[in-house]
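Below, each chain spelled out in residue letters.
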Amino acid sequence: PTVSITTNTICLCSFIIGILEGLLGIGGGMLIGPLLINMGVRPDVTVATSAFLLFFTASSQSLLFSIHGLMDLSLGAWYSVVGFVGGCVGIWLVGKLLKAYGRLSLVTLLLATIVGTSTLVMGTVGFMKVWNK
């Protein structure tokens with residue numbers, strides 16, 4: 001179902017999502033992905049847009065941490081390589097799934113699974129940190 005959303009609403013939602021990303025330190029995909037899906041944007045375009053936003057969010061945060069001396073550069077380089085390889089493998093796997101089944105709804109299902117799993121893990125870790133203090 002496509003929702004009719006005005007340009008001003010999209011700008012306001014994007015602004016709020018940007019603030020939440022900065023405050024919570026999460027990537028753009030967790031918040032902008034469901035919004036784009038709800039707006040009727042194709043799932044493959046939503047995933048590409050989320051990855052594009054995540055790249056800039058992660059890059060700016062890494063730069064900020066390294067400027068302030070809060071990041072071990074060798075670990076940062078290692079995580080960058082692992083993240084890049086993981087992203088390439090993920091794109092390849094999604095491409096194979098889309099080619100095999102021809103259903104864009106699989107991308108929506110994957111996005112929902114990732115957001116749901118992240119929510120559960122973040123909630124569990126937060127609960128455990130509060131419980132152990």
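Okay, so let's go over this structure. This is a predicted model, so every value here is computed, not measured. (Residues numbered from 1 in each chain as written. Predicted model: local features only at pLDDT ≥ 70, side-chain atom pairs only at ≥ 80, totals over all residues. Heavy atoms only, no water.)

Let us look at the overall build of the chain. A count of helical and extended segments in the chain gives 5 helices and 0 strands. Going residue by residue from the N terminus, the α and β elements of the chain occur as α-α-α-α-α. With respect to the three principal axes, the spread of C-alpha positions in the chain is 45 × 35 × 35 Å. Expressed as a percentage of its 133 residues, the buried residues of the chain come to 14%. Expressed as a percentage of contacts within the chain between residues at least 6 apart in sequence, the contacts between residues at least 24 apart total 55%. Carbon and sulfur atoms provide 75% of the accessible area of the chain, an area that totals close to 9800 Å². (Helix = DSSP H or I, 4+ residues; strand = E, 2+ residues; numbered from the N terminus. Buried < 20%, exposed > 50% of the residue type's maximum accessible area, 1.4 Å probe, protein only. Contact = heavy atoms within 4.5 Å. Areas by Shrake-Rupley, 256 points an atom, 1.4 Å probe, with all protein chains shown as cover.)

This part takes up the layout of surface pockets. Taken as a whole, the largest pocket spans an internal volume of roughly 1400 Å³. Together, 35 residues line the largest pocket, and S50, A51, L54, G83 and G87 are the ones closest to its centre. Counting only elements with at least two residues in the lining of the largest pocket, the list comes to α2 (29-38), α3 (43-67), α4 (73-101) and α5 (105-132). Looking at which element gives the most residues to the lining of the largest pocket, the answer is α4, with 14 residues. (1 Å grid on protein atoms, 1.4 Å probe; cavity = no way out; pocket = protein on both sides within 12 Å on 5 of 7 lines; lining within 4 Å. Points joined across faces, edges and corners; volume = space filled by probe spheres on them.)

This part is about the packing of aromatic side chains. Here the structure, examined in full by the defined rule, presents 3 aromatic pairs. Seen from their ring centres, F55 and F56 are 5.2 Å apart, and the 75 degrees between their planes marks the pair as edge-to-face. Taking relative accessible area as the criterion, F55 reaches 51% and is therefore assigned exposed. The rings of F52, F55 and F56 are connected pair by pair, giving a single aromatic cluster. (Phe/Tyr/Trp six-rings, centres within 6.5 Å; stacked < 30°, edge-to-face > 60°.)

On to the side chain of T46, then. You can see T46 is positioned in helix α3. On the basis of relative accessible area, T46 is assigned to the buried category, the value being 0%. In this structure, T46 is in contact with G33, L36, I37, V41 and L111, ignoring residues within four places of it in sequence.

Here we come to the packing of α3 against α5. Close contact between α3 and α5 brings their axes to 8 Å; oriented N to C, the two are set at 40 degrees. Comparing the axis directions of α3 and α5 gives the class oblique. Each of P43, D44, T46 and V47 in α3 lies in contact with α5, whose residues at this interface are V107, T108 and L111. Residue composition of the contact of α3 with α5, by class: 4 nonpolar, 2 polar and 1 charged. (Axes fitted to C-alpha atoms, helices over the stretch in contact; angles between N-to-C directions. Parallel < 35°, antiparallel > 145°, perpendicular 65-115°, else oblique. Nonpolar A, V, L, I, M, F, W, Y, C, P; charged D, E, K, R; others polar.)

What follows covers the packing of α4 against α5. Running from N to C, α4 and α5 point in directions that differ by 140 degrees, and their axes come no closer than 9 Å. By the criterion of interaxial angle, the relationship of α4 to α5 is oblique. Residues V94, L97, L98 and Y101 of α4 lie in contact with α5, whose contacting residues are L106, V107 and L110. For the contact of α4 with α5, the residue count by class is 7 nonpolar, no polar and no charged.

Another aspect to go through is the environment of I114. Positionally, I114 belongs in helix α5. Since its relative accessible area comes to 53%, I114 is described here as exposed. Separated by 84 residues in the primary sequence, I114 and M30 have C-alpha atoms spaced 8.4 Å apart.

Another point: the state of the cysteines. According to the stated counting rule, one finds 0 disulfides in the structure shown. Unpaired in this structure, C11 has its nearest cysteine sulfur neighbour in C13, at a distance of 9.5 Å. (Disulfide = S-S within 2.5 Å.)

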